[in-house]
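Now for the letters of each chain:
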Amino acid sequence: MNMRAAPAALMPALHPVSLRVNTYLINLDRAPLRRFRMERLLASFGLAFERVAAVDGAGLSLPHPDFDEAAYLSRHGRRPNPFEIGCYLSHVVCARRFLASHAEFALILEDDLDFDDDLAELLDAALKHQARWDILRLSTVNSGRKHKVEPLTASRSLAIALTREKGSGAYLINRKAAGWIAGVLVPMRLPYDLAFDLEFDDGLSACFVDPAPVSQRADPCSQIQAGLSTYRLGRRRPWSVLPYRTAAELRRFAARFSRLAAWRFRILPPASAGRRSKR
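Residues numbered from 1 in each chain as written. Predicted model: local features only at pLDDT ≥ 70, side-chain atom pairs only at ≥ 80, totals over all residues. Heavy atoms only, no water.

1. Re the pairing of strand S8 (residues 170-174)
Then, in step 1: Burial within S8 is extensive, with five of its five residues counted as buried.
Then, in step 2: Residues of S8 alternate between two faces, with Ala170, Leu172 and Asn174 on one and Tyr171 and Ile173 on the opposite face, all of them buried.
Then, in step 3: Of the pairings in the sheet, the one linking strand S3 (residues 105-109) to S8 comprises five bridges and is antiparallel in character. Pairing of Leu107 across the sheet is with Leu172, part of S8.
Then, in step 4: Pairing of strand S5 (residues 135-137) with S8, which is carried by three bridges, proceeds in the antiparallel orientation. Bridge assignment links Leu136 to a residue of S8, and that residue is Leu172. (Buried < 20%, exposed > 50% of the residue type's maximum accessible area, 1.4 Å probe, protein only. Helix = DSSP H or I, 4+ residues; strand = E, 2+ residues; numbered from the N terminus. Pairing = 2+ DSSP bridges.)

2. A short note on helix H5 (residues 175-182)
Then, in step 1: Listed as buried for H5 are Ala177, Ala178, Trp180, Ile181 and Ala182.
Then, in step 2: The inward-facing, buried residues of H5 contact helix H3 (82-99), S5, S8 and helix H6 (192-196).
Then, in step 3: Near the N-terminus of H5, the side chain that reaches the backbone nitrogen of Lys176, with its oxygen 3.2 Å away, is that of Asn174. (Contact = heavy atoms within 4.5 Å. Polar contact = N/O pair within 3.5 Å; in protein donor to acceptor, adjacent residues only side chain to side chain.)

3. Some thoughts on the sheet that holds strand S1 (residues 21-27)
Then, in step 1: Taken in spatial order, the eight strands make up an open sheet running S2-S1-S3-S8-S5-S9-S7-S6, and their pairing is mixed. Bordering the open sheet on either side are strand S2 (50-53) and strand S6 (146-151), each of which pairs with just one other strand. Strand-to-strand twist in this sheet, taken as the mean axis angle between neighbours without regard to direction, amounts to 30°.
Then, in step 2: Against the sheet, helix H7 (residues 241-264) contacts S6, strand S7 (157-161) and strand S9 (206-210), and its axis sits at roughly 35° relative to S6. (Axes fitted to C-alpha atoms, helices over the stretch in contact; angles between N-to-C directions.)

4. Notes on the environment of Ala48
Then, in step 1: Inspection of the secondary structure assignment puts Ala48 in the loop between helix H1 (32-44) and S2.
Then, in step 2: Considered as a pair, Ala48 and His15 are 33 residues apart in the sequence and their alpha carbons are 8.1 Å apart.

5. Brief notes about the pairing of S1
Then, in step 1: When you tally the buried positions in S1, you get seven out of seven residues, the bulk of the element.
Then, in step 2: The side-chain alternation of S1 yields two buried faces, one formed by Val21, Thr23, Leu25 and Asn27 and the other by Asn22, Tyr24 and Ile26.
Then, in step 3: Across five bridges, the pairing between S1 and S3 is parallel. Of the residues in S3, the one forming a bridge with Leu25 is Leu109.
Then, in step 4: One ladder, built from four bridges, connects S1 with S2; its direction is parallel.

In structure tokens form, the structure reads like this:
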């Protein structure tokens, strides 16, 4: 059964963008208040959605087939955080569910978000620029500079970040990106937002919307961050972490700077030359 729907009493009119975009809302079964709040927000934009029951870290046990503990330790240098693992696997579930559908794009949402009033307008504009991105990030918890490259609406632009950006509260993906999330990113070797920020290693294109239309400040009590210090190893962190992070930063800067330069000098193909015929 297709569960992509908001309660009829809450949905005044379906926005046309919902015909091309499957919206997935990640929500823990034990967080009904977050769910109700997000239902009303999404309904106000006319966005149909499918709730995805989040993988609850409280019920996870290790070892887990979708978590590579040795790689996680050598790359991230922390003890496994079951709530972080649950978050990661929840995003993978969304990608797999999207791939099992016939939709062209997916909007993945966590349940602690606030939206600007032009969200639906922005999503519609983003689809007209689909040739420019495989992943379009709508939120961030960092304040690093975003380099604007192409206007989307009167107030927002596509942009590229040259440095690491954390947070995975809201983003659009196409089917190529979903295949990467459900395939290459499994098993988990890094927290989701860090793994998700390495798309360039596998030939994917990511952009930000600047300024970001979604903020992840609605509920500051993150279940992942609670007690985070207990998972840190401090000076006992493996020696491999710093070289790994340094190499990732250098690759990120080189890949995205090259893309930014190509965009600025108009070497990239025109935005109208989309991938629709290949999908």
